[in-house]
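Close look at the chain arrangement
Here are the chains, one letter per residue:
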Amino acid sequence: MADAASANRVVWGVGTSRTMRAHWMLAELELPYERRPITSRSGETLTPEYTRLNPSQKIPLLQDGDFVLTESAAIVNYLATAYGATRQLCPPASARDRARYDQWCFFVMMELDANTLYVIRKHEDLHDIYGVAPNALRAAREGFARQAHAAELRLAASGPYVMGENFSGADILFTTCLNGAIRRKIDLPGALHDYLQRTTARAAYQRALRLNQRSAG
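This write-up is about the structure you can find in this document. (Residues numbered from 1 in each chain as written. Predicted model: local features only at pLDDT ≥ 70, side-chain atom pairs only at ≥ 80, totals over all residues. Heavy atoms only, no water.)

1. Looking at the pattern of salt bridges
Within the structure shown, the criterion is met by 13 salt bridges. In this structure, Arg 21 and Asp 113 form a salt bridge, with 2.9 Å as the shortest nitrogen-oxygen distance. Linking Arg 21 in helix α1 (residues 17-29) with Asp 113 in helix α4 (residues 95-125), this pair joins segments that are 92 residues apart in sequence. The class of Asp 113 is buried, set by a relative accessible area of 6%. Sharing partners across several salt bridges, the network here consists of Arg 18, Arg 21 and Asp 113. (Salt bridge = Lys/Arg side-chain N within 4 Å of Asp/Glu carboxyl O. Helix = DSSP H or I, 4+ residues; strand = E, 2+ residues; numbered from the N terminus. Buried < 20%, exposed > 50% of the residue type's maximum accessible area, 1.4 Å probe, protein only.)

2. Description of helix α9 (residues 203-211)
Within α9, the full set of buried residues consists of Ala 204, Tyr 205 and Ala 208. Projected down its long axis, α9 shows its buried positions confined to an angular sector of 100°, all on one face. Looking at the buried positions of α9, the neighbouring elements they touch are α1, α7 (169-183) and α8 (190-200). (Arc of directions from axis to C-beta. Contact = heavy atoms within 4.5 Å.)

3. Section: the packing of aromatic side chains
Under the counting rule described, the total for this entry stands at 9 aromatic pairs. Here Phe 67 and Tyr 78 contribute two aromatic rings whose centre-to-centre distance is 4.9 Å and whose plane-to-plane angle is 55°, an arrangement assigned as tilted. Taken as a pair, Phe 67 in strand β4 (residues 67-70) and Tyr 78 in helix α3 (residues 72-83) lie far apart in primary sequence, 11 residues in all. The exposure class of Phe 67 is partly exposed, given its relative accessible area of 35%. Judged by centre distance (6.5 Å) and plane angle (85°), the rings of Tyr 78 and Tyr 83 are edge-to-face. Taking the relative accessible area as the measure of exposure, Tyr 83 reaches 10% and is therefore buried. (Phe/Tyr/Trp six-rings, centres within 6.5 Å; stacked < 30°, edge-to-face > 60°.)

4. Description of unusual backbone geometry
In this structure, the amide linkage connecting Ile 59 to the following residue, Pro 60, adopts the cis form with an omega of 10°. The topology assignment puts Pro 60 in the loop between α2 (48-53) and β3 (61-64). Even without glycine at this site, Glu 30 takes up a positive phi of about 55°. Within the secondary structure layout, Glu 30 lies in the loop between α1 and β2 (34-36). A positive phi angle, near 60°, is found at Lys 185, a position not held by glycine.

5. Regarding the environment of Pro 134
Examined against the element boundaries, Pro 134 turns out to sit in helix α6 (residues 134-158). In this structure Pro 134 comes out as exposed when scored by relative accessible area, which is 52%. Along the chain, Pro 134 and Glu 124 lie 10 residues apart, while their C-alpha atoms are 9.1 Å from each other.

6. Notes on the environment of Ala 139
Secondary-structure assignment places Ala 139 in helix α6. Through-space distance from the C-alpha of Ala 139 to that of Ala 114 is 13 Å; in sequence the pair is 25 residues apart.

7. Re the sheet that holds strand β1 (residues 9-12)
Here we have 4 strands laid out as an open sheet, ordered β2-β1-β3-β4, and mixed in their pairing. Every interior strand has two partners, whereas the edge strands, β2 and β4, have only one. The average undirected angle you get between the axes of adjacent strands in this sheet is 15°. The pairing of β3 with β4 spans 4 bridges and is antiparallel. Residue pairing for β4: Gln 63 is matched across the bridge by Val 68. (Pairing = 2+ DSSP bridges. Axes fitted to C-alpha atoms, helices over the stretch in contact; angles between N-to-C directions.)

Next up, the structure:
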């Protein structure tokens, strides 16, 4: 796809693992864009301007010309599909390979992100809002560790990255969740630490870390 909308490409949101995904994919693609460094729970997502764009009042949000998209995984996969052909970042074309790619994406977003990490965030980081729930926290931590082991087995069967030799958007989703687990002191299998060394050594990852801060250096 031609880059005609580059002058009107905007990413709203910084400071979270989910906003990191959008910045990272754009860094991998080397696409120009404008940052709107708003953060969650700051009131900045509640303004009339932002609510018109995203009634859910969540970040990140991508504007690509007149196209508006929310949900971090959707943003990653849209950018990869629209602009990733020359960088081998397009999701697979064949039905079975695309199904495997989708399986990784859905696994990461549900089993690692929503069902476990977000439960920990709610009842640990944000316990003043959501309350203390020790049983839920214990189950979430155990659940993440169990699913991390399952991911280790799948990764061993695929290659250096989740789809084999080529880095993909699924690796962006997976890496951000593994980093979230490390921040919360969840033990990971050694093979996943090796995997993280590969993905986080990428120049685009390092660039995205800066772009995902309120004041990007």
